[in-house]
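Okay, here's what each chain looks like letter by letter:
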Amino acid sequence: MRAIAIERFGGPEELHLTELPQPKAGAGEVLIRVAYAGVNPADWKIREGWLQQFLQYRFPFVPGFDAAGMVAAIGEGVEGLRPGDRVVTASNQGKGEWGTYAEYVVSDVDRVVRLPVTVSLQAAASLPTAGITSWEALFDVGQLRAGQRVLVNGGAGGMGSWCIQLAKMAQAQVAASCGPANLEYVQGLGADLAIDYRSQDVVAVVQTWAPEGVDLIVDTVGQGTLLQGVELVKPGGTIAPIGTLIATEPQPDAARAAVRGVRIVPTMSNFERQGRQLRALVDALARGQIREPAIEVLPLARAAEAQRRVQAGHVRGKLLLDVAASAMR
Ligand SMILES: NC(=O)c1ccc[n+]([C@@H]2O[C@H](COP(=O)([O-])OP(=O)(O)OC[C@H]3O[C@@H](n4cnc5c(N)ncnc54)[C@H](OP(=O)(O)O)[C@@H]3O)[C@@H](O)[C@H]2O)c1
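Residues numbered from 1 in each chain as written. Predicted model: local features only at pLDDT ≥ 70, side-chain atom pairs only at ≥ 80, totals over all residues.

Some words on the nonpolar core
Here is step 1: By size, the foremost hydrophobic cluster in this structure holds 102 residues, and its most contacted members are Y36, V88, V150, C163 and L321.
Here is step 2: Tallying contributions element by element places strand β3 (residues 29–39) first for this core, with 8 residues.
Here is step 3: Looking at this core, you find at least three residues from each of domain 1 (2–126 + 292–328) and domain 2 (129–264). (Core = buried A, V, L, I, M, F, W, Y, C linked by C-beta atoms within 7 Å. Buried ≥ 20, exposed ≤ 12 C-beta atoms within 10 Å, placed from the backbone. Helix = DSSP H or I, 4+ residues; strand = E, 2+ residues; numbered from the N terminus. Domains from an automatic or database assignment.)

A look at the site of the ligand
Here is step 1: The full set close to the ligand counts 31 residues, and G157, G158, M159, G179 and H314 are the nearest of them.
Here is step 2: Residue assignment for the shell around the ligand shows that the elements contributing at least two residues are α1 (41–47), α3 (128–141), α4 (158–169) and β9 (173–178).
Here is step 3: Structurally, the shell around the ligand is a two-domain feature, drawing no fewer than three residues from each of domain 1 (2–126 + 292–328) and domain 2 (129–264). (Near = placed C-beta within 6 Å.)

Some details on α4
Here is step 1: With 12 residues, α4 ought to run about 16 Å at 1.5 Å a step, and its terminal C-alpha atoms sit 17 Å apart, in line with that.
Here is step 2: Turning to α4, its buried residues number three or more, namely G158, M159, G160, S161, W162, C163, I164, Q165, L166 and A167.
Here is step 3: Among the structural elements, α3, β8 (149–153), β9, α5 (183–188), β11 (214–219) and β15 (318–322) are those in contact with the buried residues of α4. (Expected span 1.5 Å × (residues − 1). Contact = placed C-beta atoms within 7 Å.)

What about unusual backbone geometry?
Here is step 1: Here F59 and P60 are connected by a cis peptide whose omega angle stands at -5 degrees.
Here is step 2: In this structure, Q223 is a non-glycine residue whose phi angle is positive, near 55 degrees.
Here is step 3: Counting through the fold element by element, Q223 comes out in the loop between β11 and β12 (233–241).
Here is step 4: Although it is not a glycine, L245 sits at a positive phi angle of roughly 70 degrees.
Here is step 5: Here L245 is to be found in the loop between β12 and α7 (254–260).
Here is step 6: A count of 15 C-beta atoms within 10 Å places L245 in the partly exposed class.

Remarks on the domain arrangement of the protein
Here is step 1: Once the domains are mapped, the protein shows domain 1 (2–126 + 292–328) and domain 2 (129–264).
Here is step 2: At the junction of the two partners, domain 1 supplies 15 residues and domain 2 supplies 12 residues.
Here is step 3: Tallied by class, residues from the side of domain 1 that touches domain 2 come to 7 nonpolar, 4 polar and 4 charged. (Nonpolar A, V, L, I, M, F, W, Y, C, P; charged D, E, K, R; others polar.)

What to know about the sheet that holds β12
Here is step 1: The strand order β10-β9-β8-β11-β12-β13 describes an open sheet built from 6 strands, whose pairing is parallel. Both outer strands of the open sheet, β10 (193–196) and β13 (263–264), are each paired with one neighbouring strand and no more.
Here is step 2: Examined bridge by bridge, β11 and β12 share 5 bridges and lie parallel to one another. Pairing of D219 across the sheet is with P241, part of β12.
Here is step 3: Running over the sheet, α4 touches β8, β9 and β11 and is turned about 165 degrees from β9. (Pairing = 2+ DSSP bridges. Axes fitted to C-alpha atoms, helices over the stretch in contact; angles between N-to-C directions.)

Quick word on the packing of α3 against α4
Any two packed helices are characterised by how steeply their axes cross, that is the angle between the axes, and by the distance between the axes.
Here is step 1: Two elements in contact, α3 and α4, have axes separated by 8 Å at closest approach and are oriented at 50 degrees. Judged by the angle between their axes, α3 and α4 are oblique. Taken as a pair, α3 and α4 cross one another with a handedness that is right-handed. Packed against α3, whose contacting residues are A130, G131, T133, S134, W135, A137 and L138, the element α4 presents G158, M159, W162, C163, L166 and A167 at the interface.
Here is step 2: Looking at the contact of α3 with α4, its residues break down into 9 nonpolar, 4 polar and no charged. (Parallel < 35°, antiparallel > 145°, perpendicular 65-115°, else oblique. Left-handed = near helix turned anticlockwise from the far one by under 90°.)

Quick look at the environment of I264
Here is step 1: With respect to the secondary-structure elements, I264 resides in strand β13.
Here is step 2: In this structure, the C-alpha to C-alpha distance between I264 and L216, residues 48 residues apart in sequence, is 9.9 Å.
Here is step 3: Among all residues touching I264, those that are not within four sequence positions of it are I239, P241, P252, A254 and A257.

Written out as structure tokens, the structure is:
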């Protein structure tokens, strides 16, 4: 099969188009023919070797957590799916196995969700990692409820695009930060307040918007961009800093948070909950409660360019790789 792989950890130049043997679906697994693969910041971090201590990689290694496509084969014991079904998956790359930058990928059945006809393959491919982690931060960690106020730091990216929409779906009030070119985009996603972090003081603006404090901050940017966030949250509220894997980044003041009664809950995508969250996200898309973010598609062969763009930190919405979409339209 055609795939993008690396032979060793390193820069984007390590990503190359190659031929690899097609994987097989084992018991409880599904073989998926990939139409679109989603590109995530974790992909370049993995390429550079940041997750070596957690996962056993085998080279050549195929990156990519997210895919939408068609079931090609099912393994023993798989029920409820059959070849030809359109599906989305959070792949087994989270276990160190080959990912979705390839014509075929294998996933455990509990992280494969069949798509209703109304959900496009592009919308679905933009969903897994960013949507699942947004769901985790807002609902599993943040326990967000109707009428509450949430600040999304970084509203224009993959996570931000889903966080804003999911928080609105939950009937919360949403403020989101972004650069000046993305203010309209973020408002279009439903943000009640869009804050230009380049020309405005995010902390001061949020204090005016929510004088009694916000209930939740989902910080998708980190890197010390919102250290004063502790002062913005109500006592009893939560900050969910999304794990960036940047070891040297400054952390919010835990002692000050404890004095103020604010919880800081470092948040990652949770492997056990991914299937349940992905099903809920697909349902929300199918019901029209959320819609696809801004999407740009590059051919699979341009994976290195896609990762460079994501690594630079200013992609709007999601970048996808077209692996074999034309075969599945
Ligand atoms: N550990 C996990 O399980 C997990 C899961 C998902 C994501 N993550 C991490 O979460 C982070 C976000 O992921 P993502 O997929 O949303 O990334 P992304 O799509 O690449 O985010 C890009 C966005 O960040 C915005 N941005 C950059 N600097 C900003 C700033 N100072 N203030 C506000 N917005 C800013 C940019 O908007 P502008 O162009 O307008 O600046 C851009 O739209 C990454 O570090 C990723 O690795 C971790």
